[in-house]
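Residue-level structural notes
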Amino acid sequence: MTLTLTVPPRADADRLTGLPVAVIGAGPVGLAAAAHLLEQGLPVVVYEAGNQVGMSVRAWGHTRLFSPWRYVIDDAAGRLLEPTGWTEPRRSSLPTGHDLVARYLEPLAQAPELARVIRYGIRVDAVSRQGMDRTRSTGRADTPFLLRLRTADGVEDVTARAVIDASGTYTSPNPLTAAGIAPAADLGHHVVHALPDVLGADRARFAGKRVLVVGAGHSAANTLINLAALAKDEPGTTLLWAIRNAGTARLGADAADGLAARGQLGSNVHGLVESGRIEQLASYEIDDVRPDGDSVTVTGRRAGEPFAVTVDVVVNATGFRPNLNMLREIRLGLDDIVEAPRALAPLIDPNLHSCGSVPPHGVAELAHPEPNFFIAGMKSYGRAPTFLLLTGYEQVRSIAAELAGDHQAARDVQLVLPETGVCTTDVGGSSSCGVPATNEAAEGSSCCAAPAPAAPPASSSCCTN
Ligand SMILES: Cc1cc2nc3c(=O)[nH]c(=O)nc-3n(C[C@H](O)[C@H](O)[C@H](O)COP(=O)(O)OP(=O)(O)OC[C@H]3O[C@@H](n4cnc5c(N)ncnc54)[C@H](O)[C@@H]3O)c2cc1C
């Protein structure tokens, strides 16, 4: 069928001149994107929904990263920070999320060049092309992007010559049900987001409660280890652990795990199961979750038979997925399974790859049918759980070079993620982030992890879920 365009071409290249590149999100990757764009001499505006940088990192700030400082600071960001008198943290030590914000993201956002271009308290609600929904083709590449911004004062529309969506996935958890659809009932305070600060700010929500943790990855394990520590001091705290598969092979239960750190985490949580301090509910496929008086009842099937538990609180540690609502009018090229850009998806499919084996990639793999539109950072991995900051920094370096017209530099992606060593620390020996190939990994519940040997359990490390 031939599509007849009734609207005459209405764009010319001049319409883009002088417009900034819009970056959505002032997390580590959004800020790095801005740093690279500025270095390329391109105008940029960063829109951040929160009133501060690193809003998602703050939410899990009590958690210790598994990557040491040398793997979480972007090069261009470092060059912006250098003249400000910033003191680089010891490169081999492991920051917590709060450290990452206080010692890197905040100073970076205050660097004069960046401070001028970040706009806080602005949520990007929608991205489109000016006067063009996704069905219009003629002159599309030369037509400015249109961003609908939501602020405390109302709604504002702005234009941009290119868009980098670095809005992360942390605020879009996978639903609890095996079908991937959110339970119909309003569960209110009964369901808690992944990685609650069990031994700190969120203690009262769990002390003396019957708690169900759902998910087979390392964030579930971290949460369970912290809950077990809490249960020692708070009688009546009862722990259940729901996993969809028959076992938790990816947690690495012993020395056979190539990763000392991950093996340790796995050993710890398996030890708690064996000692009876955690009741593991394997092969549990959750169908529904409903409030039940002051409690909540989780119904489903175990080995095909109906099964239900009633608890006070459920911790959803099932992983994250990208929120694509605001990109409805953008021509995306996403993989059907992982929801990552099509060329990137095979490189990060959690059934096949670990975070240590993801090849470096840039603008070529991140391109969408929509010219000059990119998803970068955590969100670029879609439902795959193994994203690392170093990967994101190379992504945005490549995108910035492309937008500046340096196509060769854009395609000359560097090996930023060594097969091993990215999780090497000076406190816990070495680890990699290898995740065994299992079907469950594809469910977005895999994770990289390293020990938090110098820290209490509350600061234990985890990856994305
Ligand atoms: C517990 C945990 C531990 C991790 N540990 C490591 C580690 O050790 N090493 C490592 O390399 N990686 C680690 N990661 C993975 C990854 O590096 C982080 O998730 C990182 O925060 C991703 O950065 P980002 O900039 O892509 O997204 P985010 O940090 O999620 O930032 C997104 C930003 O966008 C803003 N935003 C969202 N929607 C909008 C909107 N519509 N409009 C405007 N702004 C918006 C948010 O407020 C937020 O500030 C970890 C992740 C988690 C969850």
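Here goes a summary of the coordinates provided. Since this is a predicted model, take the numbers as computed values, not measurements.

**Here's the deal with the pattern of salt bridges**
Counted by the stated rule, this structure contains 16 salt bridges. For Arg129, the salt bridge identified is with Glu370, shortest N-O distance 2.8 Å. Taken together, the residues span a long stretch of sequence, with Arg129 in strand S4 (residues 123-129) and Glu370 in the loop between helix H10 (363-366) and strand S16 (373-375) at a distance of 241 residues. Of the two residues, Arg129 and Glu370, both sit in the buried class. A salt bridge links Arg290 to Asp288, with the shortest nitrogen-to-oxygen separation between them at 2.8 Å. Owing to a relative accessible area of 49%, Arg290 belongs among the partly exposed residues under this scheme. Put simply, Arg129, Arg140 and Glu370 are held in one network by salt bridges that share partners.

**Comments concerning the packing of aromatic side chains**
Applying the stated criterion across every chain, the model contains four aromatic pairs. Each ring, one from Tyr284 and one from Phe307, has its centre 5.0 Å from the other, and the planes form 85°; the classification is edge-to-face. Of the two residues, Tyr284 is situated in strand S12 (residues 284-292) and Phe307 in strand S14 (residues 305-311); the sequence distance between them amounts to 23 residues. Take Tyr284: its relative accessible area is 2%, and that puts it in the buried class. Exposure remark for Phe307: the relative accessible area of 25% places this residue in the partly exposed category.

**Regarding the pairing of S14**
The pairing of strand S13 (residues 295-302) with S14 spans seven bridges and is classified as antiparallel. Opposite Arg301, over in S14, you have Pro306 as the bridge partner.

**With respect to helix H1 (residues 28-39)**
Given a rise of 1.5 Å per residue, 12 residues ought to cover 16 Å, and the 17 Å separating the end C-alpha atoms of H1 matches this to within 8%. Extensive coverage of H1 is indicated by the burial of 10 of its 12 residues. Those residues of H1 that sit buried are Pro28, Val29, Gly30, Leu31, Ala32, Ala33, Ala34, Ala35, His36 and Leu37. Phi for Gly41, located one or two positions after H1, is positive at around 80°.

**Notes on the sheet that holds strand S5 (residues 145-151)**
In spatial order, the strands read S4-S5-S6; together these three strands make up an open sheet with antiparallel pairing. Every other strand in the sheet has two partners, leaving S4 and strand S6 (154-160) as the edge strands with one partner each. For this sheet, the mean inter-axis angle between neighbouring strands, taken without regard to orientation, is 25°. Where S5 lies against S6, seven bridges are found, and the strand directions are antiparallel. Following the sheet pairing, Arg150 is matched in S6 by Val155.

**Let's talk about unusual backbone geometry**
The phi dihedral of Glu339 falls on the positive side, at around 60°, and the residue is not glycine. Even without glycine at this site, Asn372 takes up a positive phi of about 60°.

**Let's talk about the sheet that holds S12**
Read across the open sheet, the three strands follow the order S12-S13-S14; overall the sheet is antiparallel. Every interior strand has two partners, whereas the edge strands, S12 and S14, have only one. If you compare each strand with its neighbour and ignore which way they point, the axes differ by 20° on average.

**Examining the nonpolar core**
Leu37, Tyr104, Ile164 and Leu403 are the most contacted members of the largest nonpolar core, which totals 64 residues. Element by element, the count of residues in this core is highest for helix H11 (residues 389-403), at eight residues. When sequence neighbours within four positions are dropped, the list of residues in contact with Leu37 reads Val21, Val23, Leu42, Val44, Ile164, Ala400 and Leu403. In terms of nonpolar packing, the next biggest core, distinct from the first, is built from 24 residues, Leu227, Leu265, Val269 and Ala317 among them.

Rules and cut-offs
Residues numbered from 1 in each chain as written. Predicted model: local features only at pLDDT ≥ 70, side-chain atom pairs only at ≥ 80, totals over all residues. Heavy atoms only, no water. Salt bridge = Lys/Arg side-chain N within 4 Å of Asp/Glu carboxyl O. Helix = DSSP H or I, 4+ residues; strand = E, 2+ residues; numbered from the N terminus. Buried < 20%, exposed > 50% of the residue type's maximum accessible area, 1.4 Å probe, protein only. Phe/Tyr/Trp six-rings, centres within 6.5 Å; stacked < 30°, edge-to-face > 60°. Pairing = 2+ DSSP bridges. Expected span 1.5 Å × (residues − 1). Axes fitted to C-alpha atoms, helices over the stretch in contact; angles between N-to-C directions. Core = buried A, V, L, I, M, F, W, Y, C linked by side-chain atoms within 4.5 Å. Contact = heavy atoms within 4.5 Å.

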